Each structure stands twice: as C-alpha cells, then as structure tokens.
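Next come the chains, spelled out residue by residue.
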Amino acid sequence: MSSKARRKYDSQLRRAQAARTRARIVEAAQRLFVERGFAGATIPAIATEAGVAVETVYRSASGKAGLLGDAVRAAVAGGAGRADVPVIERPAIRRIIDEPDPVRQLLLYAATQPGIWSRVGPLLRVLDAASTSDTSLIELREQIAAERRHGLRAGLGKLLEQRGVLRSGLTAERAGDIVYTVCGQANYEALVTQCGWTEGEYRDWLVETLVAALLPRETGAHLD
C-alpha cells in the first residue's frame, strides 16, 4: 500500500471510529435522559454509560442541551447511526417519494409515525419538563418544532403540490402545516397513551384524516 493510500485508509478508519464513538454517546444519553431526566443525566454519567472519557462527551456536542437535541434527532431517524443520513435518502422517505399514488404516499407517511413518537415521545417529555426555566432548552424545543414544520412544508407538502394532487387552493405550506398538526405528538399521546388506541388504529386515523384534509374529495372516496 502506498503512503498516500495508507493515509487515506487511516483517515477513513479514524472517521469510522469517531462515528461509532459518537453513536455510543448519543445512545447512552438517550437512555439516561429518559431514566434520570435532564438534570440527573450528568455528563460524567453519560460518559460512564458510553464507556468514554468525560472530555470525549464534551467534544461530541455543544453542551448538554445540544446532546439532548442530538438524542431527539437520532430517535427520529431510528438510531444514532442513521441520524447523519440526509432525510430524503432514508429508506422510509424514499418509499414515500417513489410512490406514485397520493393515498399510498399518505399511508406510508402515517405508518412511520407510531414508531417515531414511541421513540421520541419520552425524550420530548424530558425536554418539556426541563425547559420551563432554561433558556437553552426553550430554544431547543422551538428549534426542533421549527425543523419539523419546515421539513413537512418543504418535503411532503411540496411533493404533493408538485404532483398536482392537493385539494384546490391548498398550498405546500398549508399542507405541511396540516400534516404537522395532525401528526403531532399531542395527538399520539392523546389517542395512544391516554385513550388506549392501538398503534394500528392511530395510523388508520391519520390516513383517513390526512386524505380528507389534503386530497380532493373524489380521491378520499377510494380509500380502502
């Protein structure tokens, strides 16, 4: 192996090792935030749980609030190792993009929601409980909500608009806002956690509600 090839190999190896270390830190933080709350999940405790030095945790994120944000985004993605994959390259999102039928697109999107909220909900409850007086956590909560809202406007809302399948007068922004609200955490918590709906019942309600709100009435008539 030439010296240039060796340096490239070593660099790739270091990046892979750093990614694995960061994933361990984020996964450890997820567990401890849920088990102990924001205050109880100290940086030394997270370091111990991840099997790394305290300094390594500090270098991996912009403070403990940043680490909680990373934990939330990793939960949305389905794991710390997937969080760095661009959203449009994630398999579940690719299936939605590649699906030509708008009702099926909404069904595929709705199918992602129970898993997301079951993973993310406990972390967001930690964030809500801790953000009453901490400015950095209040900003994090607002940032996470803004990222989700923008993603739905520029993602699913825009996709449906570009394909010409939205109800008359409905814009991509308004469609994204409807999805943002209907598929929000509050509805999952109310229907599944509090009312005892199964995740399948919740998913089916999402599909029916989204089809009725977003697509022309004649499209909804064909919903199975």
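Definitions and cut-offs
- Residues numbered from 1 in each chain as written.
- Predicted model: local features only at pLDDT ≥ 70, side-chain atom pairs only at ≥ 80, totals over all residues.
- Heavy atoms only, no water.
- Axes fitted to C-alpha atoms, helices over the stretch in contact; angles between N-to-C directions.
- Helix = DSSP H or I, 4+ residues; strand = E, 2+ residues; numbered from the N terminus.
- Parallel < 35°, antiparallel > 145°, perpendicular 65-115°, else oblique.
- Left-handed = near helix turned anticlockwise from the far one by under 90°.
- Contact = heavy atoms within 4.5 Å.
- Phe/Tyr/Trp six-rings, centres within 6.5 Å; stacked < 30°, edge-to-face > 60°.
- Buried < 20%, exposed > 50% of the residue type's maximum accessible area, 1.4 Å probe, protein only.
- Lys NZ or Arg CZ within 6 Å of the ring centre and 35° of its normal.
- Salt bridge = Lys/Arg side-chain N within 4 Å of Asp/Glu carboxyl O.

What follows deals with the packing of helix 6 (residues 102-130) against helix 10 (residues 199-214). Where helix 6 contacts helix 10, the two axes come as close as 9 Å, and the packing angle between them is 140 degrees. With respect to helix 10, the element helix 6 is oriented oblique. Seen from above, helix 6 lies across helix 10 with right-handed handedness. Contacts between helix 6 and helix 10 involve Val-103, Leu-106, Leu-107, Ala-110, Ala-111, Gln-113, Pro-114, Trp-117 and Ser-118 on the former and, on the latter, Glu-199, Tyr-202, Arg-203, Leu-206, Val-207, Leu-210, Val-211 and Leu-214.

Given two aromatic rings, one states the distance between the centres and the angle between the planes to describe the pair. With the rule as written, the count across this model stands at two aromatic pairs. Centre to centre, the rings of Tyr-188 and Tyr-202 are 5.3 Å apart; their planes meet at 80 degrees, and the pair counts as edge-to-face. Taken as a pair, Tyr-188 in helix 9 (residues 185-194) and Tyr-202 in helix 10 lie far apart in primary sequence, 14 residues in all. Assessed through its relative accessible area of 0%, Tyr-202 is described here as buried. In this structure, Lys-64 is placed above the aromatic ring of Phe-38, and the distance from its NZ or CZ to the ring centre is 4.5 Å. Sitting over the ring of Tyr-180, Arg-149 keeps its end group 5.4 Å from the ring centre.

All right, on to the packing of helix 4 (residues 63-77) against helix 6 then. Where helix 4 meets helix 6, the axes come as close as 8 Å, and the angle between the chain directions of the two elements is 165 degrees. One way to sum up the angle between helix 4 and helix 6 is to call them roughly antiparallel. Along this stretch, helix 4 crosses helix 6, giving a crossing that reads as left-handed. Within the contact between the two elements, helix 4 uses Leu-68, Ala-71, Val-72, Ala-75, Val-76 and Ala-77 and helix 6 uses Ile-116, Arg-119, Val-120, Leu-123, Leu-124 and Leu-127.

Tracing the backbone shows Gln-105 in helix 6. A C-alpha to C-alpha distance of 8.1 Å links Gln-105 and Arg-95, two positions 10 residues apart in sequence. Sequence-distant contacts of Gln-105, that is, excluding residues within four places in its chain, are made with Ile-96, Ile-97, Glu-99, Leu-159, Leu-160 and Arg-163.

Bringing the pattern of salt bridges into the picture now. Counted according to the given criterion, the structure contains nine salt bridges. The partner of Arg-153 in a salt bridge is Asp-177, with the nearest N and O atoms 2.6 Å apart. In this pair, Arg-153 is assigned in helix 7 (residues 135-162) and Asp-177 in helix 8 (residues 172-182), connecting sequence segments 24 residues apart. For Lys-158, the salt bridge is made with Glu-161, and the minimal N-O distance between the two is 3.3 Å. In this pair, Lys-158 and Glu-161 are both assigned in helix 7, three residues apart and thus about one turn of the helix distant.

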